[in-house]
Amino acid sequence: MRKGNLPEGLLIQEHGFKDDAHAGNWHRQVSLLAMESIDKIRAKGLDVGPGDFAENITTLGIELVHLPIGTRLKVGEEALMEVTQIGKECHTRCAIYYQAGDCVMPREGIFAKVLRGGIVREGDSIISINRGGYSGNENAR
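Given the structure is predicted, the values throughout are model-derived calculations rather than measurements.

## Topic: the overall build of the protein chain
A count of helices and strands for the protein chain gives three helices and ten strands. The linear arrangement of helices and strands in the protein chain, starting from the amino end, is β-β-β-α-β-β-β-α-α-β-β-β-β. Residue pairs at least 24 apart in sequence account for 65% of intrachain contacts in the protein chain once pairs closer than 6 positions are excluded. Approximately 7,500 Å² of the protein chain is accessible, and the part contributed by carbon and sulfur atoms is 48%.

Right under this line is the structure:
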């Protein structure tokens, strides 16, 4: 199900985004997808954008699929998440797959749980912290 773009949302600790259908007490509380991944589908001729793959957060400039499980992501001023899964099994084909013959979310989307809640706004920085320390500073869309 496609999601509309919101200027801000509330991340709730150990839950996910307030009022999100996929939030709850499990390891895939928040989904993230890189704009670069969306651009791959755009290159196939589809008019898609942020939220069209049902991701909660669309990023720019961060290679999500290369983040190891356990990487922590500080989003905005307060929120802290931990990467729990890279990609997912797609049991049923989505509308994007039928239109383009491909969908990037099962391969390139990542999932995280919320360690510390807070307000997340469009344009907030995302700082990735792996076991070795600081990894980078990127942007949420």
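Moving on from the coordinates now.
## A closer look at helix α1 (residues 35-42)
Every buried residue of α1 is listed here: Met35, Ser37, Ile38 and Ile41. Along the long axis of α1, the arc covered by the buried residues comes to 155°, so they all point the same way.

## Structural notes on the environment of Gly49
Checked against the element boundaries, Gly49 lands in the loop between α1 and β4 (57-60). Taking the relative accessible area as the measure of exposure, Gly49 reaches 8% and is therefore buried. When the C-alpha positions of Gly49 and Gly4 are compared, they lie 9.9 Å apart, and in sequence the two are 45 residues distant. Those residues in contact with Gly49 that sit more than four places away from it in its chain are Ile38, Arg42 and Glu55.

## What about the layout of surface pockets?
Its boundaries defined by the atoms lining it, the second largest pocket holds a volume of some 420 Å³. In terms of lining residues, the second largest pocket is bounded by 22 residues, among which Gly4, Leu6, Glu8, Phe17 and Asn56 are the most central. Broken down by element, the residue count for the lining of the second largest pocket peaks at three residues, all from strand β1 (residues 8-12). Its residues assigned to classes, the lining of the second largest pocket comprises seven nonpolar, six polar and nine charged.

## A short note on the sheet that holds strand β2 (residues 16-17)
Strand order in the open sheet formed by three strands is β2-β1-β8, and the pairing between neighbours is antiparallel. Each edge of the open sheet carries a strand with a single partner, namely β2 and β8 (118-121). When β1 meets β2, the two strands line up antiparallel, connected through two bridges. Residue pairing across strands places Ile12 opposite Gly16, the latter belonging to β2.

## Focus on the pairing of β4
Pairing of strand β3 (residues 30-34) with β4 involves three bridges; the strand directions are parallel. By the bridge assignment, Leu32 is partnered in β4 with Ile57. For the crossover from β3 across α1 to β4, the handedness is right-handed.

## Brief notes about the nonpolar core
Counting 19 residues, the largest nonpolar core has Leu11, Val30, Leu32, Leu73 and Met81 as its most contacted members. Counting only elements with at least two residues in this core, the list comes to β3, β5 (72-75), β6 (79-86) and β7 (110-116). Non-local contacts of Met81, meaning those with residues more than four positions away in its chain, are made with Leu11, Val30, Leu32, Ile57, Thr71, Arg72, Leu73, Val75, Ala112, Lys113, Val114 and Leu115.

## Topic: the environment of Pro50
One can find Pro50 in the loop between α1 and β4. Residues Pro50 and Ala34, 16 residues apart in the sequence, show an inter-C-alpha distance of 8.9 Å.

## Digging into the packing of aromatic side chains
In the structure shown here, the tally under the stated rule is zero aromatic pairs. Across the ring face of Phe111, the terminal group of Arg28 is positioned such that the distance to the ring centre comes to 4.5 Å.

About the cut-offs
Residues numbered from 1 in each chain as written. Predicted model: local features only at pLDDT ≥ 70, side-chain atom pairs only at ≥ 80, totals over all residues. Heavy atoms only, no water. Helix = DSSP H or I, 4+ residues; strand = E, 2+ residues; numbered from the N terminus. Contact = heavy atoms within 4.5 Å. Areas by Shrake-Rupley, 256 points an atom, 1.4 Å probe, with all protein chains shown as cover. Buried < 20%, exposed > 50% of the residue type's maximum accessible area, 1.4 Å probe, protein only. Arc of directions from axis to C-beta. 1 Å grid on protein atoms, 1.4 Å probe; cavity = no way out; pocket = protein on both sides within 12 Å on 5 of 7 lines; lining within 4 Å. Points joined across faces, edges and corners; volume = space filled by probe spheres on them. Nonpolar A, V, L, I, M, F, W, Y, C, P; charged D, E, K, R; others polar. Pairing = 2+ DSSP bridges. Right-handed = clockwise from strand over helix to strand, strands pointing away. Core = buried A, V, L, I, M, F, W, Y, C linked by side-chain atoms within 4.5 Å. Phe/Tyr/Trp six-rings, centres within 6.5 Å; stacked < 30°, edge-to-face > 60°. Lys NZ or Arg CZ within 6 Å of the ring centre and 35° of its normal.

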